[in-house]
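Breakdown of the fold
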Amino acid sequence: MSTREENNRLELLQGTLDLLILRTLIFGPEHGQGIARAIEQTSDDELLVEHGALYPALQRLESRGWISAEWGTSKNHRKARFYRLTKAGRKQLAKEAVKWRRLAAAIGRILGAEAGEG
Amino acid sequence: MLSRKRKPSDFKAEVEAHLALETERLKEQGLSDDDARLAARRAFGNVTRAEERFYESGRWVGWDHLVQDVRFGLRMLAKSPGFTAVAVLTLALGIGANTAIFSALDAVLLKPLPFKDPGRLVFIEKKNPPRGWVRNPISPAEILGWRSESGAFEDLAAYTQTSCVLTGRGDPEEDPCEKVSGNLFPLLGVSPLRGRTFSADEDRAEGPRAAILSYGLWRRRFDADTSVIGRAMELNGASTTIVGVMPPNFSHLYATPYGTVPELWVSGIGLSPALTWNDYFGVGRLKPGITLQQAEARMNPISARIEQVHPDLKGWRADVMSLRTMLSGDTRPALVVLMGAVIFVLLIACANMANLLLARGTGRAGEFAVRGALGASRQRIVRQLLTENLVLSLGGGALGVLLASWGCKAMAALAPEYVLNSAPGLADSATDLRVLAFSLIAALATTLLFGLAPAIESSRLHLTETLKETGRVQSPGSRRFPSALVVAEIALALVLLAGAGLMVRTLTKLGQVNLGLNPANVLTLRVPLSGERYKEARTSAEFWRRVVASVEALPGVISASVARGLPTGDDWEGQFFTTADQPNPPAGQVPDANYIVAGPDYFRTLGIPLLSGRSFNEHDTETSERVVIVNEQLARTYWPGQNPLGKQLRMGSPSENRPWLSVVGVAGNVLSQGPGAGFHSEVYVPYRQFPWVLSPENLVVRTAANVKPVSIAHAVADAVHRADQNQPVVDLKTMEQAAREPMAQQRMMMALLGAFAGLALILSVLGIYSVLSYSVSQRTREIGVRVALGAERRDVLGLVVRQGFRLTVFGVAIGLLGAFGLTRFLSSLLYDVKPTDALTFVAVSILLTGVALLACYIPARRASQVDPIVALRCE
């Protein structure tokens with residue numbers, strides 16, 4: 001993985017990381033590194049997750065009660081902290097997803113219109 | 001929540017786990033061990049930063065910072081003990097003064113009265129608007145009418161002040177006491193500590209005689225013996241049953257400007273609708289929802305009906321006030337003024353502190369710059385400075401509470417008796433929880449007041465400049481703030497000085513007032529004669545004749561006389577009279593005068609001039625012509641332009657048909673109600689003509705100019721006891737002491753306001769001194785250049801003094817404006833001085849300016865001695 005490759009990837013928008021974490025956890029408990037990998041892979045390596053920013057975000061979600069955490073063992077027998085979506089987190093995810101889709105659609109319409117005019 | 005308790009070490013472990021997992025994944029992709037580890041690190045970004053973010057998101061970081069800041073603050077303060085001492089002391093004085101005054105204010109005005117539902121309790125007097133009379137006692141006829149017919153009261157009780165002499169067991173003693181209606185105690189919702197209160201039967205004038213003891217009297221005279229309940233004691237020469245003991249402090253209900261705190265309560269009030277004797281006070285409990293105005297409105301028609309039956313009561317209407325208002329009385333305006341004054345002192349202290357901190361902040365600019373460069377946010381620095389200040393003001397607050405408890409004791413020693421009466425426990429009230437809460441709030445407010453601006457100012461980071469050179473270059477803006485603070489301090493101090501100055505003027509005026517008598521070298525005392533045999537007027541007169549004769553025989557005594565009613569006291573015996581020229585004035589317009597019973601030599605002994613006619617003498621007895629002496633005021637009012645000698649008048653209402661008295665003398669006017677009350681009509685009647693119900697009880701003795709009146713006090717008391725050893729001698733004092741008593745409140749106000757103004761003066765002058773000193777030290781180089789360019793020492797001196805003078809004049813001008821607006825709150829305490837007295841205002845302005853200029857002179861002199869070579873070389 002070269003630096004150039006990384007530079008081509010998209011930086012996450014403010015506030016979207018929380019949503020992506022919640023979305024990733026819907027498939028079951030996962031540890032931090034796994035979440036980062038999952039986001040990158042699911043986005044076809046388009047999105048760059050700064051791993052350093054991931055953990056404070058996890059901490060934030062945990063303190064809000066949207067996810068819960070537990071130390072466990074990873075597939076390759078390493079110790080890792082596993083996160084699980086809570087009921088409140090599921091609700092929050094639904095809410096955020098709707099919001100995000102509306103925002104994305106709206107922005108898309110504006111950009112589309114501009115492109116048409118231009 | 002579990003997450004809140006998560007430790008940083010756990011977070012760290014998670015990060016390490018992540019790095020391990022990532023490294024493993026990268027190795028699977030074919031990277032070498034080292035490359036994989038490096039790439040994982042790179043992808044993670046700044047590990048320390050992530051840990052910091054975790055740390056900062058935790059709840060306990062705030063607490064951590066606080067502990068850190070407090071520790072750091074204490075270290076910084078310990079490093080500059082001089083600064084710390086000055087700061088803590090300044091704050092302690094400010095907070096202490098506030099705490100002391102607040103505890104008095106709380107005790108007198110705020111703390112709820114210790115009665116059941118005290119908001120509905122009222123005190124009832126009456127006023128006579130057509131004649132301009134206010135705050136008069138009421139009569140049984142009115143009390144009974146209002147109670148049964150107004151519908152405003154749940155209940156209404158009455159009491160009258162009387163004198164109780166206890167004899168039999170132990171020394172004879174007179175105690176202030178009250179004859180009360182039995183319903184007073186249940187009305188207030190207070191039960192006796194022991195025994196019971198009065199029964200309906202005991203309320204009758206001829207009912208069984210019963211007495212209730214105060215806690216104090218019970219402890220003192222009866223050794224807190226429970227078996228005294230139900231026993232008889234000798235009270236005013238008659239056997240009286242002790243039926244109960246009231247709880248401690250209950251007596252303070254009566255702590256009014258009218259009298260002393262009662263030691264016992266006696267039964268037999270005997271209220272009757274036929275009685276019009278104005279000698280009672282009412283205490284009522286309003287029905288729920290009835291206001292003071294509504295109560296008065298309902299009582300007025302009843303008064304109007306009563307005055308049809310009793311012409312003596314013509315024109316009188318109820319005057320209802322809350323019990324709280326009555327109890328706090330004249331103390332309220334004084335306390336409000338004092339509270340304002342101490343808040344000013346605290347503000348001045350805060351301004352001084354702010355200046356001190358600003359100067360210190362400049363000195364610490366390097367420290368802040370370094371901390372800023374190391375990543376401390378501005379908010380963090382402000383917080384840390386505020387914490388440091390909080391430590392200071394809490395320290396000051398703690399010391400202040402200590403000072404306040406001393407201050408309360410000092411106030412208790414200074415306060416007039418009735419102020420103390422309405423604030424029981426003032427002396428130890430500084431330890432009260434409410435007061436402590438107040439001090440804490442004061443400390444916190446103080447921190448914000450003096451600390452916030454300097455903290456923000458100091459944290460304004462000019463990183464590079466400050467680190468390059470140590471803040472030598474000062475923007476003019478940062479110099480303006482301290483100057484504004486100094487101007488504010490001077491203005492506040494001027495207001496306080498003006499207040500104190502007005503009180504000084506008032507007391508000077510009061511001291512210069514000619515009372516109409518000569519109080520020097522006069523001893524006074526009272527013997528409240530009690531016992532069956534003194535009910536006979538002749539026996540009482542004989543007793544006094546013997547006492548006066550033996551006192552006059554004492555060495556050093558010039559003259560002695562008896563009287564009932566002494567000038568400058570509370571003795572006001574208002575009585576109706578009519579003159580022979582107008583024997584039947586319409587009801588409501590019957591003249592009244594202060595009725596004084598006097599013996600021969602009364603006028604000579606007190607030094608009251610006799611303007612015409614003669615004084616009383618030994619021949620004015622039962623069998624001789626009935627005579628009266630009037631004062632100038634009465635003579636001028638009722639016989640204007642005529643010779644009053646030989647005129648006739650008689651006491652009481654016209655309907656009473658009392659004997660006519662011939663005017664044989666006219667005495668000079670005496671300010672008998674104190675300097676503020678003006679002159680009133682007064683009549684003097686000779687004691688041996690047994691004029692009326694009142695028998696004499698005051699003895700006045702004039703000593704030779706070289707004999708101190710107190711030095712003969714024992715001999716005089718002995719003379720009384722030789723005449724009858726069972727009679728107590730009370731209120732032994734000199735006339736000068738008695739004349740000073742009405743000024744006690746003004747005296748206290750002068751002492752306290754003077755102390756606060758003095759404090760304000762010192763603090764504000766320190767303020768201007770420190771600001772100028774600081775400014776001079778900052779301008780050393782500039783002054784050096786000026787001197788090098790040929791400025792004279794005089795010019796430099798003038799430069800600095802002018803700067804200080806400008807600040808002072810600004811402050812004085814603003815302060816004068818403030819004083820013009822604020823001193824009117826003092827007006828009820830002033831005597832013969834306008835609240836905007838020009839002399840006072842000019843005097844305090846000159847005083848303040850003078851002292852401030854002195855304070856400017858010291859730094860100015862230092863500036864003028866700057867050696868240009870040294871000043872320029874130190875660059």
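Calculation rules
Residues numbered from 1 in each chain as written. Chains lettered and ligands numbered in written order. Predicted model: local features only at pLDDT ≥ 70, side-chain atom pairs only at ≥ 80, totals over all residues. Heavy atoms only, no water. Helix = DSSP H or I, 4+ residues; strand = E, 2+ residues; numbered from the N terminus. Buried < 20%, exposed > 50% of the residue type's maximum accessible area, 1.4 Å probe, protein only. Areas by Shrake-Rupley, 256 points an atom, 1.4 Å probe, with all protein chains shown as cover. Core = buried A, V, L, I, M, F, W, Y, C linked by side-chain atoms within 4.5 Å. Contact = heavy atoms within 4.5 Å. pLDDT = per-residue confidence, 0-100. Polar contact = N/O pair within 3.5 Å; in protein donor to acceptor, adjacent residues only side chain to side chain. Pairing = 2+ DSSP bridges. Buried area = accessible area lost by both parts, 1.4 Å probe. Salt bridge = Lys/Arg side-chain N within 4 Å of Asp/Glu carboxyl O. Nonpolar A, V, L, I, M, F, W, Y, C, P; charged D, E, K, R; others polar. Phe/Tyr/Trp six-rings, centres within 6.5 Å; stacked < 30°, edge-to-face > 60°. Lys NZ or Arg CZ within 6 Å of the ring centre and 35° of its normal. 1 Å grid on protein atoms, 1.4 Å probe; cavity = no way out; pocket = protein on both sides within 12 Å on 5 of 7 lines; lining within 4 Å. Points joined across faces, edges and corners; volume = space filled by probe spheres on them. Axes fitted to C-alpha atoms, helices over the stretch in contact; angles between N-to-C directions. Disulfide = S-S within 2.5 Å. Patch = residues over 30% accessible without salt bridge, like charges linked within 9 Å, V, L, I, M, F, W, Y side chains within 5 Å. Parallel < 35°, antiparallel > 145°, perpendicular 65-115°, else oblique. Left-handed = near helix turned anticlockwise from the far one by under 90°.

1. Description of the overall build of chain A
- Within chain A, the regular secondary structure consists of five helices and five strands.
- Starting at the N terminus and ending at the C terminus, chain A contains elements arranged as α-β-α-β-α-β-α-β-β-α.
- Taken across its 118 residues, chain A has 39% of its residues classed as buried.
- Taken as a whole, chain A presents about 7,500 Å² of accessible surface, with 52% of it coming from carbon and sulfur.

2. Details of the nonpolar core
Residue and element names in this part refer to chain B.
- Core analysis: the biggest nonpolar cluster contains 74 residues, and Met-749, Leu-753, Phe-756, Ile-768 and Leu-826 have the highest contact counts within it.
- Counting residues per element, this core draws most heavily on helix H24 (residues 744-778), at 15 residues.
- When sequence neighbours within four positions are dropped, the list of residues in contact with Phe-756 reads Ala-97, Ile-101, Leu-338, Ala-341, Val-342, Val-345 and Leu-496.
- Counting residues in each nonpolar core, the second largest holds 43 residues, with Phe-543, Leu-554, Ala-593 and Tyr-687 among its members.

3. Points about the confidence of the model for chain B
Residues and elements named next belong to chain B.
- For chain B, per-residue confidence averages 86 on the pLDDT scale, and 93% of positions sit at 70 or higher.
- Long-range and interchain partners of residues 470-477, a stretch whose pLDDT sits below 50, account for seven contacts in this model, where long-range means more than four residues apart.
- Reported for the predicted complex are a pTM of 0.74 and an ipTM of 0.80.

4. Focus on the side chain of Ser672(B)
All names here are of chain B.
- Relative to the helices and strands, Ser-672 resides in the loop between strand S19 (661-667) and strand S20 (682-686).
- A relative accessible area of 5% means that Ser-672 is categorised as buried.
- Engagement of the side chain of Ser-672 in a polar contact is seen with the side chain of Glu-682, the distance being 2.6 Å.

5. A word on the pairing of S20(B)
Residue and element names in this part refer to chain B.
- Buried residues dominate S20, accounting for five of its five residues.
- Of the two faces of S20, the one holding Glu-682, Tyr-684 and Pro-686 and the one holding Val-683 and Val-685 are both buried throughout.
- One ladder, built from five bridges, connects strand S15 (residues 592-598) with S20; its direction is parallel. The residue of S20 that forms the bridge with Asn-594 is Glu-682.

6. Re the interface of chain B and chain A
- Each partner contributes to the interface: chain B provides 21 residues, whereas chain A provides 21 residues.
- Of the roughly 2,100 Å² buried where chain B meets chain A, counting both sides, 55% is carbon and sulfur surface.
- Area buried by chain B at its contact with chain A is led by Glu14(B), His18(B) and Leu21(B), which between them contribute 26% of it.
- Across the pair Arg78(A) and Glu24(B) runs a salt bridge whose closest N-O atoms are separated by 2.7 Å.
- Counting across the interface, chain B meets chain A through nine residue pairs in polar contact (both at pLDDT 80 or more).
- Broken down by secondary-structure element, the contributors of at least two residues to the side of chain B that touches chain A are helix H1 (8-28), helix H2 (33-44) and helix H3 (47-57) of chain B.
- It is H1(B) that contributes the most residues to the side of chain B that touches chain A, eleven residues altogether.
- Classifying every residue of the side of chain B that touches chain A gives ten nonpolar, four polar and seven charged.

7. Focus: the packing of aromatic side chains
- Going through the model one piece at a time under the given rule, you end up with 17 aromatic pairs over all chains.
- Note on Tyr159(B) and Phe281(B): the rings are 5.7 Å apart at their centroids and 40° apart in plane angle, and the pair reads as tilted. Taken as a pair, Tyr159(B) in strand S3 (residues 153-167) and Phe281(B) in strand S10 (residues 281-286) lie far apart in primary sequence, 122 residues in all. Here the two residues Tyr159(B) and Phe281(B) agree in accessibility, since each one is buried.
- Aromatic pair Phe603(B) and Phe616(B): ring centres 6.3 Å apart, planes at 50°, arrangement tilted. Linking Phe603(B) in helix H20 (residues 602-606) with Phe616(B) in the loop between strand S16 (610-613) and strand S17 (627-631), this pair joins segments that are 13 residues apart in sequence. Residue Phe603(B) shares its accessibility class with Phe616(B), and that shared class is buried.
- Taken together, the ring pairs in this structure connect Tyr602(B), Phe603(B), Phe616(B) and Tyr684(B) into an aromatic cluster.
- In this structure, Lys79(A) is placed above the aromatic ring of Trp71(A), and the distance from its NZ or CZ to the ring centre is 4.5 Å.
- Just above the ring of Phe825(B) sits the side chain of Arg824(B); from NZ or CZ to the centre is 5.1 Å.

8. Focus: empty space enclosed by the protein
Residue and element names in this part refer to chain B.
- Overall, the coordinates contain four cavities of 30 Å³ or more when judged by the stated rule.
- Roughly 90 Å³ of internal volume is contained in the largest cavity.
- Surrounding the largest cavity, Leu-357, Arg-360, Gly-361, Arg-364, Phe-368, Leu-385, Asn-389, Gly-451, Pro-454, Ala-455 and Ser-458 form its lining.
- Among the elements of the structure, helix H12 (331-363), helix H14 (378-414) and helix H16 (433-459) are those that each provide at least two residues to the lining of the largest cavity.
- No other element matches the four residues that H16 contributes to the lining of the largest cavity.
- Partitioning the lining of the largest cavity into residue classes produces five nonpolar, four polar and two charged.

9. Some remarks on the confidence of the model for chain A
- In the predicted model, chain A carries a mean pLDDT of 81, and 83% of its residues have values of at least 70.
- Every residue in residues 1-6 of chain A is under pLDDT 50, and counting partners more than four places away or in other chains gives one contact.

10. Re the sheet that holds strand S5 (residues 79-85) of chain A
All names here are of chain A.
- Spatial ordering of the open sheet is given by S2-S5-S4, a layout of three strands whose pairing is antiparallel. At either end of the open sheet lies a strand with only one pairing partner, and these are strand S2 (30-31) and strand S4 (67-73).
- In terms of strand pairing, S4 meets S5 through seven bridges, oriented antiparallel. Of the residues in S5, the one forming a bridge with Glu-70 is Phe-82.
- Against the sheet, helix H2 (residues 16-25) contacts S2, S4 and S5, and its axis sits at roughly 95° relative to S5.
- Sheet contacts for helix H4 (residues 51-63): S4 and S5; angle to S4, the most-contacted strand, approximately 120°.

11. Here's the deal with the state of the cysteines
Residues and elements named next belong to chain B.
- Following the criterion strictly, the structure yields one disulfide over all chains and no others.
- Disulfide pairing is shown between Cys-164 and Cys-177; the S-S distance is 2.0 Å. Here the S-S torsion is close to 60°, and the disulfide linking Cys-164 with Cys-177 is therefore right-handed. A residue pair is termed long-range when its members are at least 10 positions apart, and Cys-164 in strand S3 and Cys-177 in strand S4 (residues 173-180) qualify at 13 residues.
- In this structure Cys-177 comes out as buried when scored by relative accessible area, which is 2%.

12. Some thoughts on a nonpolar patch on the surface
All names here are of chain A.
- A cluster of nonpolar side chains, contributed by Trp-100, Leu-103, Ile-107 and Leu-111, occupies part of the molecular surface with about 360 Å² of accessible area.
- Within the secondary structure, Leu-103 is located in helix H5 (residues 87-117).
- For Leu-103, a relative accessible area of 41% gives the class partly exposed.

13. Things to note about the environment of Leu358(B)
Residues and elements named next belong to chain B.
- Mapped onto the elements, Leu-358 comes out in helix H12.
- Counting along the chain gives 124 residues from Leu-358 to Pro-482, while the straight-line C-alpha distance between them is 7.9 Å.
- Among all residues touching Leu-358, those that are not within four sequence positions of it are Pro-454, Glu-457, Phe-481 and Pro-482.

14. Structural notes on the pattern of salt bridges
- Counted under the stated rule, the structure contains 46 salt bridges over all chains.
- Note that Asp10(B) is salt-bridged to Arg81(A), the shortest N-O span being 3.3 Å. Placement of Asp10(B) in helix H1 and of Arg81(A) in strand S5 is noted, with the two residues assigned to different chains.
- Taking the relative accessible area as the measure of exposure, Asp10(B) reaches 22% and is therefore partly exposed.
- The residue Asp106(B) makes a salt bridge to Arg434(B) at a minimum N-O spacing of 2.6 Å. Placement of the pair is Asp106(B) in helix H5 (residues 81-110) and Arg434(B) in helix H16, with a sequence separation of 328 residues.
- Look at Asp106(B) and you get buried, because its relative accessible area is 1%.
- Here the salt bridges share partners, and the residues they tie into one network are Glu173(B), Asp175(B), Arg220(B), Arg221(B) and Glu263(B).

15. Concerning the packing of helix H26 (residues 793-822) of chain B against helix H27 (residues 838-864) of chain B
Residues and elements named next belong to chain B.
- One can describe the packing of H26 onto H27 by two numbers: an axis separation of 8 Å at closest approach and a directional angle of 155°. Taken as axis vectors, H26 and H27 run roughly antiparallel relative to one another. Crossing of H26 against H27: the hand is right-handed.
- The residue makeup of the contact of H26 with H27, split by class, is 18 nonpolar, five polar and two charged.

16. Looking at the pairing of S4(B)
Residue and element names in this part refer to chain B.
- Counting buried residues in S4 gives six out of eight residues, a clear majority hidden from the surface.
- Where S3 lies against S4, eight bridges are found, and the strand directions are antiparallel. Across the sheet, residue Thr-160 finds its bridge partner in S4, namely Lys-179.
- Hairpin connection between S3 and S4: a loop of five residues separates the two successive antiparallel strands, and Gly-168 in this loop has a positive phi of roughly 90°.
- Relative to strand S9 (residues 264-266), S4 runs parallel, the two being bridged by three bridges. Paired with Cys-177 across the bridge in S9 is Leu-264.

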